[in-house]
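# Observations on the three-dimensional arrangement
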Amino acid sequence: MTSRMHTPHTTCPSCHEEVFLDELVGGRCPLCGYSLDEDDGTCNEYEETLERSDLGWMIFQFFVFKRFCNKGANPFQVMQILSRYEELSQCNPADAEKMQFTLEVPMSRWEQLLPKRCSKCGRMFVSGGKAVISGDLQSPEHPKAYICPSC
């Protein structure tokens with residue numbers, strides 16, 4: 001507490017609260033949004049509103065993230081796909097619609113026991129290998145394919 005007492009601070013003229021200068025958000029009070037840089041005596045409220053497109057994008061990200069994580073995909077890989085999709089949709093929306101992805105998912109115990117056909121070389125295998133889901137974000141179905149250990 002004593003180290004915090006010696007840091008530079010000021011009192012906000014709008015909300016009359018003590019504000020430390022390292023807590024300012026863009027030169028504004030983090031509590032009320034009053035601009036401490038330009039002290040002209042007027043209280044400008046700092047409003048950050050979410051646009052409808054931002055809200056829709058957050059909902060889209062949530063449902064895609066939840067869908068793939070429920071299938072067992074790595075959350076980091078899902079976030080990489082979402083960020084790549086966002087970049088493509090900002091640059092060229094036509095490319096974003098056709099964006100392909102492949103995610104590795106774990107096999108269930110039943111899948112580990114059954115014989116599987118490799119999607120790359122076509123050979124049959126029983127143990128080892130990995131399961132992947134692939135497709136694009138527009139399609140409602142994401143088929144699961146299996147890759148043998150030698151591929």
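Residues numbered from 1 in each chain as written. Predicted model: local features only at pLDDT ≥ 70, side-chain atom pairs only at ≥ 80, totals over all residues. Heavy atoms only, no water.

### Some details on the confidence of the model for the protein
- In the predicted model, the protein carries a mean pLDDT of 80, and 85% of its residues have values of at least 70.
- Segment residues 39-48: pLDDT under 50, and 16 contacts once partners within four positions in sequence are set aside and those in other chains are kept. (pLDDT = per-residue confidence, 0-100. Contact = heavy atoms within 4.5 Å.)

### Topic: unusual backbone geometry
- You will see that His-16, though not glycine, has its phi angle at about 60 degrees, which is positive.
- Note on placement: His-16 falls in the loop between strand 1 (9-11) and strand 2 (18-20).
- What makes His-16 exposed here is its relative accessible area of 60%. (Helix = DSSP H or I, 4+ residues; strand = E, 2+ residues; numbered from the N terminus. Buried < 20%, exposed > 50% of the residue type's maximum accessible area, 1.4 Å probe, protein only.)

### Let's talk about the nonpolar core
- Formed by 22 residues in total, the largest nonpolar core has its most connected members in Phe-68, Ala-73, Val-78, Ile-81, Phe-101, Leu-103 and Leu-137.
- Elements with a minimum of two residues in this core: helix 2 (52-70), helix 3 (75-91), strand 3 (100-105), strand 6 (130-136) and strand 7 (144-147).
- In this structure Leu-137 touches Phe-60, Val-64, Phe-68, Ile-81, Tyr-85, Met-99 and Phe-101, once residues within four positions along its chain are discounted. (Core = buried A, V, L, I, M, F, W, Y, C linked by side-chain atoms within 4.5 Å.)

### With respect to helix 3
- Relative to the 24 Å expected for 17 residues at 1.5 Å per residue, helix 3 spans 25 Å between its end C-alpha atoms, a close match to the ideal helical length.
- Those residues of helix 3 lying buried are Val-78, Ile-81, Leu-82 and Tyr-85. End-on view of helix 3: buried residues confined to an arc of 95 degrees, all on one side of the axis. Seen from the open side of helix 3, the exposed residues pointing more than 90 degrees away from its buried face are Phe-76, Glu-87, Gln-90 and Cys-91. (Expected span 1.5 Å × (residues − 1). Arc of directions from axis to C-beta.)

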